[in-house]
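Fold and geometry: a report
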2 protein chains.
Amino acid sequence: MIYLDNAATSYPKPESVYQRIDHILRHTGGNPGRSGHRMALDASRVIFEARESAARLFNIKNASRIVFTKNATEAINIAFKGILRQEEHVVTTSIEHNAVVKPLKRLEARGVQVTQLKVDKNGWVEPKDIEKAIRKETKLISVVHASNVFGAILPVAEIGRICRKKNVLFMVDAAQTAGAMPIDIEALNVDIFAATGHKSLFGPQGTGLLYVREGIEPLPFIDGGTGEDDELVEIPDRLESGTINTPGIGGLGAGIEFLLKEGVKKIRRYEEGLIRQILDGLSGIKGIEIIGPQDEKKRTHLVSFNMQGKDPSDIGYRLDNEFGIMLRCGLHCAPCAHRSAGTYPSGAVRVSPGYFNTADDIEEFLRGVREISCGF
Amino acid sequence: MIYLDNAATSYPKPESVYQRIDHILRHTGGNPGRSGHRMALDASRVIFEARESAARLFNIKNASRIVFTKNATEAINIAFKGILRQEEHVVTTSIEHNAVVKPLKRLEARGVQVTQLKVDKNGWVEPKDIEKAIRKETKLISVVHASNVFGAILPVAEIGRICRKKNVLFMVDAAQTAGAMPIDIEALNVDIFAATGHKSLFGPQGTGLLYVREGIEPLPFIDGGTGEDDELVEIPDRLESGTINTPGIGGLGAGIEFLLKEGVKKIRRYEEGLIRQILDGLSGIKGIEIIGPQDEKKRTHLVSFNMQGKDPSDIGYRLDNEFGIMLRCGLHCAPCAHRSAGTYPSGAVRVSPGYFNTADDIEEFLRGVREISCGF
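Everything quoted here is computed from the prediction, not taken from an experiment.

Comments concerning the packing of helix H3 (residues 72-83) of chain B against helix H4 (residues 98-109) of chain B
Residues and elements named next belong to chain B.
- Between H3 and H4, the shortest axis-to-axis distance is 9 Å and the interhelical angle comes to 30 degrees. It follows from the interaxial angle that H3 and H4 lie roughly parallel. In the packing of H3 onto H4, the handedness of the crossing is right-handed. Contacts between H3 and H4 involve Thr73, Ile76, Asn77, Phe80 and Lys81 from the first element and Ala99, Val100, Pro103, Leu104, Arg106 and Leu107 from the second.
- Residue classes in the contact of H3 with H4 are distributed as seven nonpolar, two polar and two charged.

Observations regarding H3(B)
Residues and elements named next belong to chain B.
- Here H3 spans 16 Å end to end across twelve residues, near enough to the 16 Å set by a 1.5 Å rise per residue.
- When you tally the buried positions in H3, you get twelve out of twelve residues, the bulk of the element.
- The set of residues buried in H3 consists of Ala72, Thr73, Glu74, Ala75, Ile76, Asn77, Ile78, Ala79, Phe80, Lys81, Gly82 and Ile83.
- Where H3 is buried, its residues contact strand S2 (66-69), H4, strand S5 (138-144), strand S6 (169-173), strand S7 (192-196) and strand S8 (208-212).

Points about the domain arrangement of chain A
Residues and elements named next belong to chain A.
- What the domain assignment reports for chain A is domain 1 (2-10 + 263-374) and domain 2 (15-262).
- Distance from the C-alpha centre of domain 1 to the C-alpha centre of domain 2: 26 Å.
- Each partner contributes to the roughly 2,700 Å² buried at the junction of domain 1 and domain 2, and carbon and sulfur atoms together form 57% of this total.
- Our count for the domain 1 to domain 2 interface comes out at one salt bridge.

Quick word on the sheet that holds strand S7 (residues 192-196) of chain A
All names here are of chain A.
- Across the sheet, which stays open at both edges, the seven strands sit in the order S2-S8-S7-S6-S5-S3-S4 with mixed pairing between neighbours. The open sheet has two free edges, formed respectively by strand S2 (66-69) and strand S4 (113-117), since each of these has just one partner strand. Ignoring strand direction, the axes of neighbouring strands in this sheet form an average angle of 15 degrees.
- Of the strand pairs in this sheet, S2 and strand S8 (residues 208-212) are connected by four bridges, and their pairing is antiparallel. Its bridge partner being in S8, Phe68 is matched across the sheet by Leu209.
- Strands in contact with helix H4 (residues 98-109) are strand S3 (89-93), S4 and strand S6 (169-173); relative to S3, the strand with the most contacts, it is inclined by about 150 degrees.

Some points on the pattern of salt bridges
- Applying the stated rule across the entire model yields 59 salt bridges over all chains.
- Of the charged contacts, one joins A:Asp223 and B:Lys81 as a salt bridge, the two residues approaching to 2.6 Å between their closest N and O atoms. Note that A:Asp223 is positioned in the loop between S8 and helix H7 (246-262) and B:Lys81 in helix H3, a pairing that runs across two chains. Neither A:Asp223 nor B:Lys81 differs from the other in exposure class; each is buried.
- Between A:Asp320 and B:Arg38 there is a salt bridge; the shortest N-O distance is 2.8 Å.

Conventions and cut-offs
- Residues numbered from 1 in each chain as written.
- Chains lettered and ligands numbered in written order.
- Predicted model: local features only at pLDDT ≥ 70, side-chain atom pairs only at ≥ 80, totals over all residues.
- Heavy atoms only, no water.
- Axes fitted to C-alpha atoms, helices over the stretch in contact; angles between N-to-C directions.
- Helix = DSSP H or I, 4+ residues; strand = E, 2+ residues; numbered from the N terminus.
- Parallel < 35°, antiparallel > 145°, perpendicular 65-115°, else oblique.
- Left-handed = near helix turned anticlockwise from the far one by under 90°.
- Contact = heavy atoms within 4.5 Å.
- Nonpolar A, V, L, I, M, F, W, Y, C, P; charged D, E, K, R; others polar.
- Expected span 1.5 Å × (residues − 1).
- Buried < 20%, exposed > 50% of the residue type's maximum accessible area, 1.4 Å probe, protein only.
- Domains from an automatic or database assignment.
- Buried area = accessible area lost by both parts, 1.4 Å probe.
- Salt bridge = Lys/Arg side-chain N within 4 Å of Asp/Glu carboxyl O.
- Pairing = 2+ DSSP bridges.

And the structure:
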């Protein structure tokens, strides 16, 4: 069994993640931020430390501006719905995930204006096109850091500089990059940052995070929690109503500690090697069409492709059943991106290696694709 | 160390919950409902089975009407914000948790009408007062099943009958009762049901659930997920956008299986005994004022109290530090309920035993309270 579906969720996790979660469940079972007894305080410390680790990983100056969520989708909903008002304008791209597309569609119906910039055939957006799209009502530029279909890493540094210059908020959806490549929130001028916990950050499913720079105060999304007057409750509490997922966030903290210890640069270099191997291998197979850039340095850790005359889900089914290769086929919750790639509605096959995969795993995957392409 | 804070979060969990979560993390790491490979399908099965178990526990006919959430607060937000429209009227009580009070306050600002019925000194609401409060714009009656401050179990059967008769939706916040006492959604005529996973259902923190009867279709709350057109995505998927908390929900499933195996009636009987012991013991201590009913049969598994002339948080601090007793003091995220009890703003001490506590634990707690009351 070879798992190559890390862009959907990473597997396995580092051993320390499993152990941390089990330890919290068995020994730190209090409700953090609620009761004042020792086990509740221990639980609060779990959350505090995870926040500090995340701040260190992304170079976030004030860890208390990090809000833990259940996934990136919730994080993005909190940001858009808490910040964008009627008549305000947001610029985004045509390769966003449904987690961005759908809340914006709902807000459009409420009078928010949305510009969706087209990408080129590699899923690339020109920073100058973003600059041109800015107008006086523009409140926010929101781009995916790397598309979950094309894999292309967008020029966030340049876009961040444009946003600073034009005094527009800059939001990045880092679901496919957080933990997979170095990200420096300060250097990139990112104001709002959404990530999922269960992909390259090595946390368990059920975790995500949202960073909002000081001075940006989204309205509460889920109302509840402590206190009487919401306006007096500060971030992160204001955006974390209800009992928080202590074991999950503790596990996410352990995942981030693993990243800090291994070094994201080293992980990135290793995964680039696997992606190079995939690109080279696939390019040598007749009838394969790769979506997105051919250069592994321009990609996050995923490659989507199609095989002429074959349905992507058939390929996935055969890879799983005949070769024990697990990956994801179809639209990847990003029908817009597949429209941009010209692969709607059947989608594509997506292979996404992780830090625990080996060159042998990739070789086995390529062997499977080769055999399927020959029809045996 | 004696844990008596089960109304904040239950501790410990059954061994099977720890084991299930660890097993899912280590062996069922796929993304449920996303990819089609075997480990993703295994993960889908985890979610499916938890839904079936929850349906069995609450006598819910169609398990697919159960939506998994991150906590009860999210569940309640989904229901209110997805169902209530401008000019519509909702009837609730003056002892609700912030998870109910705050979203209703926000909706009031958007034109929803809210009637908050006063409770008597035991935290009791007369069904006939609820009936009287219903008017032609009334869409929903929403009551807490048992207050997290008073502990009093509200007459949900009678209220349910009134709602059926008057053709008004009936919603129950069962955060303090789900798993702690038998609940039959059909028999009680409940249309919308919110529960937290990490209290008496023995799931981990980060889990909750919402049931919505067929025919009730809340608008999506968190937009995203699969598909292009939200209207075509059905419940539960429509209300579960983003990657779901598979290990957490699997753990919740294990907790519910434990309840089904032990029998909630047996658990309820056992906890009633502990509550009787607490009520008897506290009644014999000079200067103790108990909030809510004196009859253990009219209470869920918690007792809030004050000691004349003492600050509740001082009592909690001393119980923790001198006697190793963990419980929760203050306002319990329910300032309205404490106003109703006349204990705002200092709140109360709340002791909440669980199925894994013993009579000796309660005796030790009572010894602590006695010693503190004597000032040594």
